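The residues making up each chain are set out below.
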Amino acid sequence: MRKFFLILSLLVCIAGCGTKKDNSLKMETYETYYRIVEEDTHPTGPSMYYTLSGEMTTLADGSHRYYVIVDEPKIAMYDCVVFIVENDILFSEAVKMMPCMGVFENKVSMVPNQVNKESGYVKGISVSGECAEESIRLHILVEWKDRSRKDTHREFHSYVLSTGGFTPDASGESGN
């Protein structure tokens, strides 16, 4: 019986160490994406490959929840990542996690006219965040791989989002 508890304790320790290592790797990946968005100064403009939209609602406490939606893929997009940085906040000054998808959870793929959630094929991707402001500037990275999963494609977008929807920011990017 004593050996059983010893083995069980060892397994729990090993499992715990693996989780810490996985979480550390995911946090490094998060920081990498954050810095990629932080360093980008040239939005790519409206995408030819998908539709990007946003909406903002006011919550009962006066704060706001916003949603950024990537959908209607025109091409096959595998292992998608969507990462948002709010109001030009630098990584070193961030006090909250920025909205993202594909960093901490399993990545999903978008293929025109194909939906199979169990296999990771979705119709669209929705990323949400909360803010106190009625208007927020969002820098958005949409990343995906081609069918071979060898070539990575990235597009950067910069919008101001309010309850009225997306509007172009100072960079002059027009809305989708």
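Structure's up top.
Residues numbered from 1 in each chain as written. Predicted model: local features only at pLDDT ≥ 70, side-chain atom pairs only at ≥ 80, totals over all residues. Heavy atoms only, no water.

Participant: Looking at this model, I keep getting lost on the nonpolar core. Mind explaining?
Facilitator: Generally speaking, nonpolar side chains in soluble globular proteins are found buried as a group. Counting 25 residues, the largest nonpolar core has Tyr66, Ile125, Leu138 and Ile140 as its most contacted members. Sorting the residues of this core by element identifies β1 (51–58), β2 (64–71), β3 (77–86), β5 (108–110), β6 (124–131), β7 (135–145) and β8 (152–162) as the ones contributing at least two each. By residue number, the principal contributor to this core is β7, which donates 5 residues. Here isoleucine 140 is in contact with Leu52, Val68, Val82, Phe83, Ile84, Glu155, Phe156, His157, Tyr159 and Phe166, once residues within four sequence places are set aside. One finds Ile36, Val103, Leu141 and Phe156 within the second-largest nonpolar core, a separate group that totals 13 residues. (Core = buried A, V, L, I, M, F, W, Y, C linked by side-chain atoms within 4.5 Å. Buried < 20%, exposed > 50% of the residue type's maximum accessible area, 1.4 Å probe, protein only. Helix = DSSP H or I, 4+ residues; strand = E, 2+ residues; numbered from the N terminus. Contact = heavy atoms within 4.5 Å.)

Participant: Looking at this structure, I do not really get the packing of aromatic side chains. What am I missing?
Facilitator: For any pair of aromatic rings, geometry is given as the distance between the ring centres together with the angle between the planes. In this structure the tally under the stated criterion is 10 aromatic pairs. Pairing tyrosine 34 with phenylalanine 83 gives two aromatic rings, centres 5.9 Å apart and planes at 75°, and the pair type is edge-to-face. Taken together, the residues tyrosine 34 in helix α1 (residues 2–39) and phenylalanine 83 in strand β3 connect sequence positions 49 residues apart. Here tyrosine 34 and phenylalanine 83 have matching classes, each one buried. Summarising the aromatic geometry, the rings of tyrosine 159 and phenylalanine 166 are spaced 4.2 Å apart at their centres and angled 25° between planes, so their arrangement reads as stacked. The rings of Tyr30, Tyr33, Tyr34, Phe83, Phe91 and Phe104 are connected pair by pair, giving a single aromatic cluster. (Phe/Tyr/Trp six-rings, centres within 6.5 Å; stacked < 30°, edge-to-face > 60°.)

Participant: I would appreciate a short explanation of the pattern of salt bridges in the present structure.
Facilitator: Two side chains of opposite charge can pair, provided their charged atoms sit close to one another. Overall, the coordinates contain 7 salt bridges when judged by the stated rule. Glutamate 130 is the salt-bridge partner of arginine 65, the closest N and O atoms lying 2.5 Å from each other. One end of the pair, arginine 65, is in strand β2; the other, glutamate 130, is in strand β6, and 65 residues separate them in sequence. Of the residues examined, arginine 65 reaches a relative accessible area of 22% and is grouped as partly exposed. (Salt bridge = Lys/Arg side-chain N within 4 Å of Asp/Glu carboxyl O.)

Participant: Just to check I follow, could you spell out the environment of aspartate 79 for this structure?
Facilitator: Among the secondary structure elements, aspartate 79 is positioned in strand β3. With a relative accessible area of 19%, aspartate 79 lands in the buried category. The spatial distance from the C-alpha of aspartate 79 to the C-alpha of aspartate 146 is 8.7 Å, given a sequence separation of 67 residues. Ignoring any residue separated from it by four or fewer positions in sequence, one finds aspartate 79 in contact with Lys107, Val108, Ser109, Glu143, Trp144, Lys145 and Arg149. Of the polar contacts made by the side chain of aspartate 79, one reaches the side chain of arginine 149; its length is 3.0 Å. (Polar contact = N/O pair within 3.5 Å; in protein donor to acceptor, adjacent residues only side chain to side chain.)

Participant: Would you mind going over the pairing of β7 with me for this structure?
Facilitator: It is a general feature of regular strands that their side chains alternate between the two faces of the sheet. β7 sits mainly inside the fold: 8 of its 11 residues count as buried. Pairing analysis gives 7 bridges linking β3 to β7, with the strands arranged antiparallel. The partner of valine 85 across the bridge, within β7, is histidine 139. Bridge count for β7 against β8 is 11 bridges, and the pairing is antiparallel. Residue lysine 145 lies in a different strand from β8, and its bridge partner there is threonine 152. Where β7 hands over to β8, the hairpin turn is made up of 6 residues, of which arginine 149 adopts a positive phi near 60°. (Pairing = 2+ DSSP bridges.)

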